[in-house]
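Structural description and commentary
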Amino acid sequence: MTDRIHKSAIEVRDVSKVFGAGDSAFKALDHVSVDIRENEFFTLLGPSGCGKTTLLRMIAGFTYPTDGEIRLYGQNIAALPPFKRPVNTVFQNYALFPHMTVGENIAFGLEMLDRPKAEISARVEEMLALVKMGHLKDRKTAQISGGQQQRVALARALAPQPKVLLLDEPLSALDYKLRKDMQIELKRLQTETGITFIFVTHDQEEALTMSDRIAVMSAGKILQIGGPRDIYDRPAERFVAEFIGETNFLKADVATVADGKADVVLPGGTRVCARLAEGFVPHGKVTVVTRPEHAAIVANPDGAHLRGKLSSVVYVGTDTHFRVALESGESFCVRRQNSLEQGAAFAEGDMVGVVLETGAAQVLKD
Amino acid sequence: MNTSRHFGTALQYAFLGLAAFLSIFPFFWMLVSASNTSIDIIGGKTSFGAAFRTNVVNFFTQVDVPLVFWNSTKVAVLATVLTIVVSSLAGYGFEMFKSKARERVYSLVLLTLMIPFGALMIPLFLMMAKTGLINTHIAIMLPTIASAFIIFYFRQSTKAFPTELRDAAKVDGLKEWQIFFYIYMPVMRSTYAAAFVIVFMTNWNNYLWPLIVLQSNETKTITLVVSSLASAYYPDYGVVMIGTILATLPTLFVFFVMQRQFVQGMLGSVK
Ligand SMILES: Nc1ncnc2c1ncn2[C@@H]1O[C@H](COP(=O)(O)OP(=O)(O)OP(=O)(O)O)[C@@H](O)[C@H]1O
Ligand SMILES: [Mg+2]
């Protein structure tokens, strides 16, 4: 992956979007910049109202940036209307035309492009086969299930062979099981067609399992861009750490900083080497984060990174969740996978130590 | 407890019975009277008589039925189609396109609902007279086409039309007018059906304005003809009733044909 030279499909340069004017003006996007590479599965992840749809609609051409520019394969697309962009969209509520059949929905865009009839019908068949919907070609779209509508929406969007496909929370209306199936299906389609996917979701698990890269957004800003592992293991900001998975926050003091790492003093007085976000030089008091599964409980507190009393031990089948009340008053969560050999070694009230894996600690920017 | 429930039910039935009676009796009386002579009708006879044939024959000799029906149908259908196309375009526009003046202009449109027709009658008549349209069907249709109520109805219904459908159509390369005719109209067809029923009935039953602008017998519509029969010096009520029945049939027909769509349209056409 890393040795390939990445070509940018979409470059978003310093884009802002303001809705309304005067007192009611609202900044939905605030100087957003991001490069989306060719053939990648790129996810915009963030809570409701953070501006995901707004960014997507600008790439599609339904709204225009107040500021900044968007380039598609190096070309500024500001002046291009939606249908002239090599971009297609799968809408949140599918937006299939209810008065047309499945086949007509897929053919409609091609007909508008004045493609020859034979080519259109061949393409429709091909698309139906791709999403496994051939048997329902002549059904009205109101008479098929949500999951099937989803597939038709995908087929319709892929039919004109776009270079980039935008998907706005396409799975949010489906039930859990169907959602899991469609996640795999989408990933398969993306690999098979080689089209760049820009996928919007507010579901962190979905983002982690499907994406090549993720941009975490909050309140109109992109906070962090990176692969699923980067985002999960090395959150740069408190919001990212909190939004994705469970996290322990510890107050610490920076002792020394050297080549992308910092020695920090933890609440109990022990030192640990923590990682830093690129180009970030911390000083003074900072917050250090650690994922619960990157630490272990030990019976002997001597030499451990943290000390405290076990305040709860919860068995949840695959894992056991330990909560340690640290001497500093903070609380620390540890998650260990269960195995048959390992018995119930610890009980509530025990004095224990917590050992962090090498590289488990990450210094937050804020 | 049991008796009080029975009493409640009885009261309900009594009320519904009365309501049914009040709405059905005029129809019944219309049918009965059509089969009686004028003298019997004035005498208050409420059973079927033997004069139906004579009444029909008299009506058809006194009135040029094909011409009158043609006038009414032409005016009602044309005015209805024009009203619906123009007002639905306006309603769609008001909802879909944002501008600073939008709500102000819209309020002005709604404000026109509050002006009683009586206040508009004379200015409208003068306008028609100045433009030489008196005694033409165009004069009846023109003032009805931009209907504030239908604009309001379409704007409200358009709120349920998903913007995503419009975006999807834009991705497919449709222009604004194509989106309206190829996507919006078919998707909103039950809204259109309901509007058609309402507007058609209003136009078909329109009386006061046609009475003012239409002056020659060749242009008159059925409502005018029936009412002129009723206001003759010696009105033949049996003949009037035949006219009334004939005048009611088209609206009944339109309603029954579009009943399902009408109800759907009133409930909101996009589910
Ligand atoms: N046309 C508009 N006029 C005014 N404000 C808008 C408009 N569209 C979006 N907004 C505001 O911009 C912000 C971002 O909206 P957006 O739809 O991009 O959020 P989102 O991240 O897609 O959220 P969700 O996950 O709920 O879909 C929201 O606070 C929203 O209220
Ligand atoms: Mg959204």
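Residues numbered from 1 in each chain as written. Chains lettered and ligands numbered in written order. Predicted model: local features only at pLDDT ≥ 70, side-chain atom pairs only at ≥ 80, totals over all residues. Heavy atoms only, no water.

Some remarks on the packing of aromatic side chains
Across all of its chains, the model carries 28 aromatic pairs over all chains by this definition. Considering the side-chain rings of phenylalanine 59 of chain B and phenylalanine 60 of chain B, the 6.0 Å spacing of their centres and the 80 degrees angle between planes classify their relative orientation as edge-to-face. On the accessibility criterion, phenylalanine 59 of chain B (1% relative accessible area) is buried. When the centroid spacing of 6.4 Å and the interplanar angle of 80 degrees are considered together, the rings of tyrosine 184 of chain B and tyrosine 192 of chain B count as edge-to-face. Residue class for tyrosine 184 of chain B comes out buried when judged on its relative accessible area of 0%. Through pairs of rings, three or more aromatic residues link up here, namely Tyr92, Phe97, Tyr153, Phe154, Phe161, Phe180, Phe181, Tyr184 and Tyr192 of chain B. Positioned over the ring face of phenylalanine 97 of chain A is arginine 156 of chain A, at 5.1 Å from the centre of the ring. Above the plane of the ring of tyrosine 73 of chain A lies lysine 163 of chain A, whose end atom (NZ or CZ) is 4.8 Å from the centre. (Phe/Tyr/Trp six-rings, centres within 6.5 Å; stacked < 30°, edge-to-face > 60°. Buried < 20%, exposed > 50% of the residue type's maximum accessible area, 1.4 Å probe, protein only. Lys NZ or Arg CZ within 6 Å of the ring centre and 35° of its normal.)

So, the site of ligand 1
Residues and elements named next belong to chain A. Every residue lining ligand 1 is accounted for by Phe19, Phe26, Ala28, Ser48, Gly49, Cys50, Gly51, Lys52, Thr53, Thr54 and Glu169. Contact between ligand 1 and serine 48: an oxygen atom at 2.4 Å from a side-chain N or O atom of the residue. Glycine 51 places a polar main-chain atom, nitrogen or oxygen, 3.0 Å from an oxygen atom of ligand 1. Burial of ligand 1 by the protein chains amounts to 61% of its free accessible area of 640 Å². (Near = heavy atom within 4 Å. Polar contact = N/O pair within 3.5 Å; in protein donor to acceptor, adjacent residues only side chain to side chain. Areas by Shrake-Rupley, 256 points an atom, 1.4 Å probe, with all protein chains shown as cover.)

Focus: the pattern of salt bridges
Residues and elements named next belong to chain A. Inspection of every chain in the model, using the stated rule, returns 31 salt bridges over all chains. With a closest N to O distance of 3.1 Å, arginine 335 and glutamate 246 form a salt bridge. Here glutamate 246 lies in the loop between helix 8 (238–243) and strand 11 (248–258) and arginine 335 lies in strand 18 (residues 331–337), a separation of 89 residues in the sequence. Judged by relative accessible area, arginine 335 falls into the buried class, the value being 18%. The exposure class of glutamate 246 is partly exposed, given its relative accessible area of 30%. By sharing partners, the salt bridges in this structure join Lys132, Arg151, Glu185, Arg188 and Glu192 into a single network. (Salt bridge = Lys/Arg side-chain N within 4 Å of Asp/Glu carboxyl O. Helix = DSSP H or I, 4+ residues; strand = E, 2+ residues; numbered from the N terminus.)

What about the domain arrangement of chain A?
Taken domain by domain, chain A consists of domain 1 (8–233) and domain 2 (246–363). On a C-alpha basis, the centres of domain 1 of chain A and domain 2 of chain A stand 40 Å from each other. (Domains from an automatic or database assignment.)

Re the side chain of serine 211 of chain A
Residues and elements named next belong to chain A. Within the secondary structure, serine 211 is located in the loop between helix 6 (204–210) and strand 9 (213–218). Exposure remark for serine 211: the relative accessible area of 8% places this residue in the buried category. Within the local environment of serine 211, its side chain forms a polar contact with the side chain of threonine 43, the two groups lying 2.5 Å apart. In this structure serine 211 touches Phe41, Thr43 and Pro228, once residues within four positions along its chain are discounted. (Contact = heavy atoms within 4.5 Å.)

Thoughts on the sheet that holds strand 17 (residues 319–326) of chain A
All names here are of chain A. The five strands are arranged 15-19-16-17-18 in an open sheet whose pairing can be described as antiparallel. Here the strands that pair on one side only, and so sit at the sheet edges, are strand 15 (295–298) and strand 18. When strand polarity is set aside, the average angle formed by the axes of neighbouring strands in this sheet is 45 degrees. Sheet topology note: the strand 15/strand 19 (residues 351–356) ladder contains four bridges and is antiparallel. (Pairing = 2+ DSSP bridges. Axes fitted to C-alpha atoms, helices over the stretch in contact; angles between N-to-C directions.)

Side note on the packing of helix 5 (residues 102–111) of chain B against helix 8 (residues 148–158) of chain B
Geometry of a packed helix pair, given as the angle between the helix axes and the separation of the axes. All names here are of chain B. It is the contact of helix 5 with helix 8, at a shortest axis distance of 9 Å, that shows an interaxial angle of 135 degrees. Classified by the angle between their axes, helix 5 and helix 8 sit oblique to one another. Of the residues in helix 8, those touching helix 5 at Arg102, Glu103, Tyr106, Val109 and Leu110 are Ala148, Ile151, Phe152 and Arg155. (Parallel < 35°, antiparallel > 145°, perpendicular 65-115°, else oblique.)

Focus on the sheet that holds strand 4 (residues 67–72) of chain A
All names here are of chain A. Spatial strand order, 2-1-4-5: four strands in an open sheet with antiparallel pairing. Edge positions in the open sheet fall to strand 2 (26–37) and strand 5 (75–76), since each of these has one partner strand only. With five bridges joining them, strand 1 (residues 8–19) and strand 4 adopt antiparallel strand pairing. Bridge pairing links isoleucine 10 to leucine 72 in strand 4. The sheet strands contacting helix 1 (residues 52–60) are strand 1, strand 2 and strand 4, and the helix crosses strand 1 at an angle near 120 degrees.

Section: the pairing of strand 11 of chain A
All names here are of chain A. Alignment of strand 11 against strand 14 (residues 285–290), held across six bridges, turns out to be antiparallel. By the bridge assignment, lysine 251 is partnered in strand 14 with threonine 287. As paired strands, strand 11 and strand 12 (residues 261–265) are joined by five bridges and run antiparallel to one another. Paired with threonine 256 across the strands is aspartate 263, a residue of strand 12. Linking strand 11 back to strand 12 in an antiparallel pair, the connection comprises two residues, with aspartate 259 at a positive phi of about 20 degrees.

Examining helix 3 (residues 117–130) of chain A
Residues and elements named next belong to chain A. Relative to the 20 Å expected for 14 residues at 1.5 Å per residue, helix 3 spans 20 Å between its end C-alpha atoms, a close match to the ideal helical length. Taken together, the buried positions of helix 3 are occupied by Ile120, Arg123, Val124, Met127, Leu128 and Leu130. The arc that holds every buried residue of helix 3, seen down its axis, measures 155 degrees, which confines them to one face. Across helix 3 from its buried face, at more than 90 degrees, point the exposed residues Ala118 and Ala129. Next to the buried residues of helix 3 lie helix 2 (102–112), helix 4 (146–158) and helix 5 (176–193). (Expected span 1.5 Å × (residues − 1). Arc of directions from axis to C-beta.)

Details of the packing of helix 4 (residues 65–96) of chain B against helix 11 (residues 189–205) of chain B
Residue and element names in this part refer to chain B. For the pair helix 4 and helix 11, the least separation of the axes is 9 Å and the interaxial angle reads 140 degrees. The angle between helix 4 and helix 11 falls in the class oblique. Crossing of helix 4 over helix 11 shows right-handed handedness. Contacts from Phe69, Ser72, Thr73, Ala76, Val77, Ala79, Thr80, Thr83, Ile84 and Ser88 in helix 4 reach Tyr192, Ala195, Phe196, Val199, Phe200, Asn203 and Trp204 in helix 11. Of the residues belonging to the contact of helix 4 with helix 11, the class tally is eleven nonpolar, six polar and no charged. (Left-handed = near helix turned anticlockwise from the far one by under 90°. Nonpolar A, V, L, I, M, F, W, Y, C, P; charged D, E, K, R; others polar.)

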